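Structural overview
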Amino acid sequence: MNNKNIVISLISILALALVAGIFCYPNGYNQLVDNINSKYNLKIWHFPQTEFKLGLDLKGGVHLEYQADLSQIGDQDKSAVMEGLRDVIERRVNIFGVTEPIVQVYGTDRIAVDLPGVESVDDAIAWIGETPLLEFWEQRPQADIDKINAKIAEIKGLTTLEEIQKVADWQVAFENPYQKTELTGKYLKKATLNFDQTTYAPIIQLKFDDAGAKLFEAITERNVGKTLAITLDGASIVDTNGDGKIDSSDLYAPRVENKISGGEAIITGQTDIKAAKTLVQRLNQGALPVPLGSPIVQKKIGPTLGEISLNKSVQAGIYSIIGIIIFLILFYRLPGLIASVALIVYCLIILALIKLIPVTLTLAGIGGLILSIGMAVDANILIFSRMKEELKAGKDVMSSIVEGCNRAWPSIRDGHFTALIVMIILYFLGTSFIKAFAFALILGLLLNLFSSMVVSRIFLEFVALGKVGKIKLLWK
C-alpha cells in the first residue's frame, strides 16, 4: 500500500471511530450543535438519542404465563406441540430484532414468556396475541342448515331466519351456516402480501405444510363455488364492514374457485393495502398449533441483577481495557501504544454496532464482549511477535510490519474461525442467556479480524512513515 493510500485509510478509520463514538454517546455532540445552530443560525442535524437495550437480568420486563389447550392432542404429541408453540412465540417477539426473550415450557401444558425492557403488560400481550387460534370453516350442507334453523325456531318460538339472526349471538349466527374443518393455524407455514403484476391489487398468498396441503386440497375440492370462512379465536379475522370493530356483522369468507393442490393458495379481492397487511399479520399471528387464550399470569418483574451489576460489569470492562493497555505499552513499547489506540477504536465500533442492530445486552452478553477484547489483543500480539522476528532478521520497520501481518494472518484466521464455529453452535443450540454470550462473542470475533488486520496495520504503517519508523529500538 502506497503512502497516499495509508493516509486516506487512516483518515477513514478515524472518521468511522468518531461517528461511532458520537452515535454511542451523542449528548455532547448534540449540545455543541445546539450552540452552533443558535449562534450562527444554522441547521446542523442531531445524532439520534437512543438507549442501549438491556435484558431482563439488568432492566426487568414483563412476565406472562399461558396454559395451552391440549385436549385435542394425543399424549405422544403433546411435547412436540408445546415446543412448536414455544418456537412460534419466540419468533413472534423476535420479529423486529434480537431482544433475548426467555420462552420456556414447563409441566405438560404451561408456557412462560419473559420479555426484557417492556414497560406495559398490555403491550406484551399484544405482541404475543390474545386471540391466536386460526381456524378455517366450510359451509354446511343446506339440509343441515334447515335442521338447525328449525331447531332454533322451535326452541325460541321464531319463524324466520332474520328473526333468528337478530337475537342469536355471534357464535350461533356464524355456526348456523358454517362448520369447523380440520384445518387450523397449526398447518399454516406463513402468509405473505404480494401484488398483481397487471392491476397492482393486493394478493394474499398462503403456504401450508405437507399435512395442511392435503387437508386444504380436500376442503377446496368439496367446496368449489362456495365460501371458506376464516376466523381468529372464533371471530372474524378482520373488520369486513369497516365500522372499526369486529362483531357478528363481520364475516371474512373468500370464495373457492377451484380445487387447490400443492399447499399454496392466493386470496384476491382485496382493494385496501392497509387492510391486506392487517389480514396477513393476523394470519401469521394465528399460526399457533393449539389454542392459547389469555395469559393466566401477567405481571411486571424487576431486574434480577439490576443497576449495581450493570455498573460493576461496565467497571470491569473499563479496568480490563486499562490493564490491557498498560500491558501492551510495557511489553511492546510503540507497537503496544498503537495497538491500544486501535483497541479504543474497536470498542467504539462494537458499541455502535450493538446499539445499531440493536442487541439486547445481558450480563452474559457483556461477558462475551469483554472476552472479545482479550481476543483482539491476542491477534495484535501475534503480529508483534512476527514483526520482531523480521526486525531481528535485519529488515526495515515498514517491511517488518507487512511481513509480520502476512505471517500472523494464518494463525489469527484459524484461531478466530474455530472460535466462531463453537459460538455458532452455542447460539443455535443454547438457551437464551447462552445465546446472548455467543452472539456478543460472534460479533466481537468478526470485528476482531477487521481491527487486527486492517485498523492496527494501518496505524502501524502510518507511524512507520515518519521519523519514528527509523528508530528500530522503539519497535523491538
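Residues numbered from 1 in each chain as written. Predicted model: local features only at pLDDT ≥ 70, side-chain atom pairs only at ≥ 80, totals over all residues. Heavy atoms only, no water.

**Focus on the overall build of the chain**
The criterion, for reference: Under the scheme used here, helices are H or I runs from DSSP no shorter than 4 residues and strands are E runs no shorter than 2 residues, and both carry numbers assigned from the N terminus. A 1.4 Å probe rolled over the protein chains alone gives each residue an accessible area, and that area as a share of the maximum for its type sets the label: buried under 20%, exposed over 50%, partly exposed in between. Whether two residues are in contact is decided by their heavy atoms, any of which lying within 4.5 Å being enough. Here, Shrake-Rupley sampling with a 1.4 Å probe gives the accessible areas, and only protein chains in the shown set may cover a residue.
Each helix and strand counted, the chain has 14 helices and 13 strands in total. The burial tally for the chain puts 44% of its 476 residues in the buried class. Put simply, 75% of the contacts in the chain that link residues at least 6 apart link residues at least 24 apart. As displayed, the chain offers around 25000 Å² of accessible surface, 59% of which is attributable to carbon and sulfur atoms.

**Looking at empty space enclosed by the protein**
Where we set the bar: The method works on a 1 Å grid over the protein atoms by themselves. A cavity is a set of points holding a 1.4 Å probe that cannot get out, a pocket is an open set with protein on both sides within 12 Å along at least five of seven lines, and residues with an atom within 4 Å of a point line them. Grid points are joined across faces, edges and corners, and a volume is the space filled by probe spheres set on the points.
For the coordinates displayed, the defined rule picks out 3 cavities of 30 Å³ or more. If you add up the space inside the second largest cavity, you get close to 40 Å³. Every residue lining the second largest cavity is listed: Leu328, Ala339, Ala342, Leu343, Tyr346, Ala376, Val377, Asn380 and Ser451. Residue assignment for the lining of the second largest cavity shows that the elements contributing at least two residues are helix H11 (306-356) and helix H12 (363-392). Here the lining of the second largest cavity takes 5 residues from H11, the largest share from any one element.

**With respect to the side chain of Asn448**
Using the following cut-off: Two N or O atoms count as a polar contact when they lie within 3.5 Å, although within protein this holds only if one can serve as hydrogen donor and the other as acceptor, and sequence-adjacent residues are included solely when both atoms are side-chain atoms.
Tracing the sequence through the fold places Asn448 in helix H14 (residues 432-465). On the basis of relative accessibility, which here comes to 0%, the residue Asn448 falls in the buried class. Here the side chain of Asn448 touches Ser372 through a polar contact of 3.2 Å, landing on its backbone oxygen.

**Things to note about the sheet that holds strand S2 (residues 61-67)**
Here is the rule we go by: Two strands qualify as a pair provided DSSP detects at least 2 bridges between them. Every axis corresponds to a line fitted to the C-alpha atoms, with the helix fit spanning only the stretch in contact, and the corresponding angles, defined between N-to-C directions, vary from 0 to 180 degrees.
Strand order across the open sheet formed by 4 strands is S3-S4-S2-S12, with antiparallel pairing between neighbours. Edge positions in the open sheet fall to strand S3 (102-106) and strand S12 (297-301), since each of these has one partner strand only. Sheet twist, expressed as the mean angle between neighbouring strand axes with direction ignored, is 15°. With 7 bridges connecting them, S2 and strand S4 (residues 110-116) associate as antiparallel partners. Considered in S4, the bridge of Gly61 is made with Pro116.

**Comments concerning the sheet that holds strand S10 (residues 235-236)**
Taken in spatial order, the 4 strands make up an open sheet running S6-S5-S9-S10, and their pairing is antiparallel. Only two strands of the sheet have a single neighbouring strand rather than two, namely strand S6 (178-184) and S10. Of the strand pairs in this sheet, strand S5 (residues 134-139) and strand S9 (residues 228-232) are connected by 5 bridges, and their pairing is antiparallel. Note that in S9 the partner of Phe136 across the bridge is Ile230. This element, helix H9 (residues 210-221), spans S5, S6 and S9 of the sheet and lies at about 155° to S6.

**Here we look at unusual backbone geometry**
In this structure, Pro358 follows Ile357 across a cis peptide bond, with omega equal to -10°. Tracing the backbone shows Pro358 in the loop between H11 and strand S13 (360-361). Although it is not a glycine, Tyr200 sits at a positive phi angle of roughly 65°. The topology assignment puts Tyr200 in the loop between strand S7 (188-195) and strand S8 (202-208). Positive phi, close to 55°, is recorded for Arg333, a residue that is not glycine. Structurally, the position occupied by Arg333 is in helix H11.

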